[in-house]
Amino acid sequence: MSMSHLFDLTGKTALVTGSSDGLGLAIARGLAAAGAQIVLNGRDERKLATVAKSFEAEGRRTSARAFDVADEASVLAAFEHFDASGVEIDILVNNAGFQLRKPMLELKTDEWRRVVETHLTGSFQVGREAARRMIARGRGGKIINVASLASEVARATIAPYTAAKGGIKMLTRAMAAEWAVHDIQANAIGPGYIDTEMTKPLMADPKFDSWVKGRTPSGRWGKPEDLIGVAVFLASPASAYVNGQVIYVDGGLLAVI
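The sections below set out a description of the structure shown in this document. Predicted model, so just to flag it, every value in this text is computed and none were measured. (Residues numbered from 1 in each chain as written. Predicted model: local features only at pLDDT ≥ 70, side-chain atom pairs only at ≥ 80, totals over all residues. Heavy atoms only, no water.)

### Examining the pairing of strand β4 (residues 91-94)
To keep it simple, the criterion reads: Remark: exposure states derive from per-residue accessible area (1.4 Å probe, protein chains only) relative to the maximum for the residue type, with buried under 20%, exposed over 50%, and partly exposed in between. Elements are defined by DSSP. Helices are runs of H or I of four residues or more, strands are runs of E of two residues or more, and each kind is numbered from the N terminus. Between any two strands, at least two bridges found by DSSP are needed for them to pair.
Side chains Ile91 and Val93 project from β4 onto one buried face, and the interleaved Leu92 and Asn94 project onto a second face that is buried too. Pairing analysis gives 3 bridges linking strand β1 (residues 13-16) to β4, with the strands arranged parallel. Across the sheet, the residue bridging to Val16 is Val93, located in β4. Looking at chain direction, β4 and strand β5 (residues 141-146) are connected through 4 bridges and run parallel. Along β5, the bridge assignment pairs Asn94 with Asn145.

### Quick word on helix α6 (residues 159-179)
Formally: An expected span of 1.5 Å times one less than the residue number is assigned to each helix.
Between its terminal C-alpha atoms α6 stretches 30 Å, which fits the 30 Å expected from 21 residues at 1.5 Å a residue. With 15 of its 21 residues buried, α6 lies for the most part within the structure.

### Re the packing of aromatic side chains
Using the following cut-off: Whether two aromatic rings pair depends on their centres lying within 6.5 Å, for rings of Phe, Tyr and Trp, where Trp uses its six-membered ring; planes under 30 degrees apart make the pair stacked, over 60 edge-to-face, and the rest tilted. Two thresholds decide whether a charge sits over a ring: the Lys NZ or Arg CZ must be within 6 Å of the ring centre and within 35 degrees of the ring normal.
One pass over the full model with this rule turns up 6 aromatic pairs. Centre to centre, the rings of Tyr193 and Trp221 are 5.8 Å apart; their planes meet at 80 degrees, and the pair counts as edge-to-face. Highlighted residues: Tyr193 in the loop between β6 (184-191) and α7 (200-203) and Trp221 in the loop between α8 (206-215) and α9 (228-235), separated in sequence by 28 residues. Neither residue differs from the other here; Tyr193 and Trp221 are each classed as buried. Note that Arg155 overlies the ring of Trp211, its terminal NZ or CZ placed 4.6 Å from the centroid.

Structure, rendered in structure tokens:
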């Protein structure tokens, strides 16, 4: 296989959850540039439609489906819609999620559940339905879960996020253990501190901003575009024998103390 074909996603369809902005949008744009047809996802239909139009204006084949990854009925209905429409998901990026910063002693159980169910249960539910169809079609597939530095280390006030992202690491390994025999590669990307809407409050805090830049060997916040190369690699034939791994895109933060 030529080098260009190793990373070519032409003819593949990729569903990227939580792709109306932030990391998901950057990953979706990167996969589209590599040739994939994109299925955008989020909960806001109007926002999704606007993003889909921007893809189409660039000549990218794109569709959108609004559903809540944490709602099983919504996930099942989305995949039934894909089946009825002839949409076959070859690449799944489980990216949907949000952050809730609150000390554990002040955290309500329903707040805990909301974070964990969106990140972890959502990735399981969408992953299960995508894999069920990949296996039935018999031509393998790619699942990319979005993990985090919090898959390895903790920080105060983000306990449910940390627990969920730790779970994402082990869910990724469980997927590899069960589905590798069907030529499905399940891996994860672990972003470091990335400049997104979710981290704007942190970046606006001079003390925290200084800490991130000083703690990260690269000396800067990451950009959403920093994830594209790894995402294309994990979505492409180049990673055909990579399975159950987490690749951290963190500017070297986890490598040093």
